[in-house]
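# What the coordinates show
The primary structure of each chain is shown beneath.
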Amino acid sequence: MNIASKPLAQRMTVIGIGLIGGSLARAARAAGLCNEIVGAGRSADHLQRAVDLGVIDRYETDLAKAVAGADLVLLAVPLGAMKAVFEGIKGHLDADAVVTDAGSAKASVVEDAVEVFGALPPNLVPGHPIAGTENSGVEASFAELFQGRRVILTPTERTDERATDVVRKLWEGAGAQVTLMDVRHHDEVLAATSHLPHVLAYTLVDTLARMGERDEIFQYAAGGFRDFTRIASSDPVMWRDICLANHDALLAIVERYQEDLDALAKAIRGSDSERILEIFTRAKQARDRYCNG
Ligand code: NAP
């Protein structure tokens, strides 16, 4: 972790001290990126736990009080809560405060901000860390979560360059590699690489769970099944929100996948060994190339 010579922020407020917000707070503290970290959220019990764990210095459940005097604000709440959080902080931010978020879809966050503020504020830099686990809450957070991982920022032509630079330094200080991307392109890429796999894992487990012989089926589930379905243990609320927020891009890739699955089913039905082997070989080569270095 890079230890900053001069803090990036005197006070950083993190709204949503769960896996992502808690991990970023831990990483920022470890790297000396800010002098004080204020946490915010709905539950005083959760926030007190974050204080007890040393993740944040103090907390507020009132969003206006939480962001007062902060020079850096991170929104790490589920996508369905972003708009309410923007409403809660509107009119209470310091003039120079830089705001960013960690939401897994970006167009919906930009739309929520435009609805609340009237236009995308120049100091708001939408962002998305491509890092996570299937666990939620502050207890699951750890400072190394972003080490060597990518973070995508999606500033628009309205975004202030200084604000983008501050957010870039925040994530780089947490050990991540920062990439800039267009909002729509981000949502299409993530629909394919993250949102579709989660939808498939949830559907597969749900299909099997509703079968009469489910106890026996799960009893014999081997490593492959566990690997493939690990992400179906992720928080259902968060993933419901992602499906709703990114529905256009997600539906496009789900439909494409359905066509390919139909084509594979047809090959199996017709005992078309050549076609099955062709699909599996192409997939293995692609996975070996991209995932195994
Ligand atoms: P999480 O562990 O469930 O944490 C969410 C936090 O938000 C909780 O601390 C919760 O605390 C707070 N919260 C929920 N609703 C709120 C509301 N209406 N107002 C204020 N605070 C609220 O979730 P997470 O995994 O950190 O995800 C946070 C964000 O990061 C999401 O937008 C997600 O899309 C994104 N993200 C997640 C991952 C991942 O793998 N998990 C990866 C990249 C990006 P209280 O219950 O106390 O309010």
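A brief look at the structure comes next. Everything numeric in this text was worked out from a predicted model, so none of it was measured.

### What to know about the layout of surface pockets
Empty space within the second largest pocket amounts to approximately 1,400 Å³. Looking at the second largest pocket, it is lined by 25 residues, and the ones nearest its centre are Leu 200, Tyr 257, Ala 283, Ala 286 and Arg 287. The set of elements that each furnish at least two residues to the lining of the second largest pocket consists of α7 (183-209), α9 (223-229), α11 (247-269) and α12 (273-291). Residues of the lining of the second largest pocket, tallied by class, amount to 18 nonpolar, no polar and seven charged.

### Things to note about the packing of aromatic side chains
All chains considered together, the criterion is met by three aromatic pairs. With 5.6 Å between their ring centres and 70° between their planes, Phe 86 and Phe 117 make a pair best called edge-to-face. One end of the pair, Phe 86, is in helix α4 (residues 82-89); the other, Phe 117, is in helix α5 (residues 107-117), with 31 residues separating them in the sequence. Between Phe 146 and Trp 171, the aromatic rings sit 4.9 Å apart at their centres with planes inclined by 80°, giving edge-to-face as the arrangement. Of the two residues, Phe 146 sits in the loop between β7 (127-130) and β8 (150-153) while Trp 171 sits in helix α6 (residues 161-173), which places them 25 residues apart along the sequence.

### A short note on the site of the ligand
Surrounding the ligand, one finds 25 residues, the nearest of these being Ile 20, Arg 42, Val 77, Ser 104 and Gly 137. Contacts to the ligand include Gly 18, whose backbone N or O atom sits 3.3 Å from an oxygen atom. Relative to its unbound accessible area of 890 Å², the ligand is 87% covered by the protein chains. Put simply, the parts of the chain that give the shell around the ligand at least two residues each are α1 (19-30) and β7. Class assignment for the residues of the shell around the ligand results in twelve nonpolar, twelve polar and one charged.

### A word on unusual backbone geometry
Trans peptide bonds make up the majority, and among non-glycine residues the majority have a negative phi. For Ser 271, which is not glycine, the phi torsion reads 50° and is therefore positive. Mapped onto the elements of the fold, Ser 271 is located in the loop between α11 and α12. Judged by relative accessible area, Ser 271 falls into the exposed class, the value being 62%.

### Observations concerning the pairing of strand β9 (residues 177-180)
Sheet topology note: the β8/β9 ladder contains four bridges and is parallel. In the sheet register, Leu 153 faces β9, and the bridge partner there is Leu 180.

### Observations concerning the pattern of salt bridges
All chains considered together, the criterion is met by 16 salt bridges. Of the charged contacts, one joins Arg 29 and Asp 57 as a salt bridge, the two residues approaching to 3.2 Å between their closest N and O atoms. Here the residue Arg 29 occupies a position in helix α1, and Asp 57 occupies one in the loop between α2 (44-52) and β3 (58-60), the gap between them amounting to 28 residues. A salt bridge links Arg 282 to Glu 278, with the nearest nitrogen and oxygen atoms 3.2 Å apart. Remark: Glu 278 and Arg 282 occur in helix α12; sequence separation between them is four residues, near one turn of the helix.

### Let's talk about the environment of Phe 146
For Phe 146, a relative accessible area of 1% puts it in the buried group. Sequence separation between Phe 146 and Ser 108 is 38 residues; the distance between their C-alpha atoms is 23 Å. Setting aside its immediate chain neighbours within four residues, Phe 146 contacts Ile 20, Ser 23, Leu 24, Pro 129, Ala 131, Trp 171, Ala 174, Gly 175 and Ala 176.

### Some remarks on the side chain of Asn 246
Positionally, Asn 246 belongs in the loop between α10 (236-245) and α11. At 3.0 Å, the side chain of Asn 246 and the backbone oxygen of Asp 187 are in polar contact.

### Considerations on the packing of α7 against α11
As a packed pair, α7 and α11 sit with axes 9 Å apart at the nearest point and diverge in direction by 60°. Taken together, the axes of α7 and α11 are oblique relative to one another. Along this stretch, α7 crosses α11, giving a crossing that reads as right-handed. Touching Asp 187, Glu 188, Ala 191, Ala 192, His 195, Leu 196, Val 199 and Leu 200 of α7 are Ala 249, Leu 250, Ile 253, Val 254 and Tyr 257, all from α11. Here the residues of the contact of α7 with α11 are counted per class, giving ten nonpolar, one polar and two charged.

The rules we used
Residues numbered from 1 in each chain as written. Predicted model: local features only at pLDDT ≥ 70, side-chain atom pairs only at ≥ 80, totals over all residues. Heavy atoms only, no water. 1 Å grid on protein atoms, 1.4 Å probe; cavity = no way out; pocket = protein on both sides within 12 Å on 5 of 7 lines; lining within 4 Å. Points joined across faces, edges and corners; volume = space filled by probe spheres on them. Helix = DSSP H or I, 4+ residues; strand = E, 2+ residues; numbered from the N terminus. Nonpolar A, V, L, I, M, F, W, Y, C, P; charged D, E, K, R; others polar. Phe/Tyr/Trp six-rings, centres within 6.5 Å; stacked < 30°, edge-to-face > 60°. Near = heavy atom within 4 Å. Polar contact = N/O pair within 3.5 Å; in protein donor to acceptor, adjacent residues only side chain to side chain. Areas by Shrake-Rupley, 256 points an atom, 1.4 Å probe, with all protein chains shown as cover. Buried < 20%, exposed > 50% of the residue type's maximum accessible area, 1.4 Å probe, protein only. Pairing = 2+ DSSP bridges. Salt bridge = Lys/Arg side-chain N within 4 Å of Asp/Glu carboxyl O. Contact = heavy atoms within 4.5 Å. Axes fitted to C-alpha atoms, helices over the stretch in contact; angles between N-to-C directions. Parallel < 35°, antiparallel > 145°, perpendicular 65-115°, else oblique. Left-handed = near helix turned anticlockwise from the far one by under 90°.

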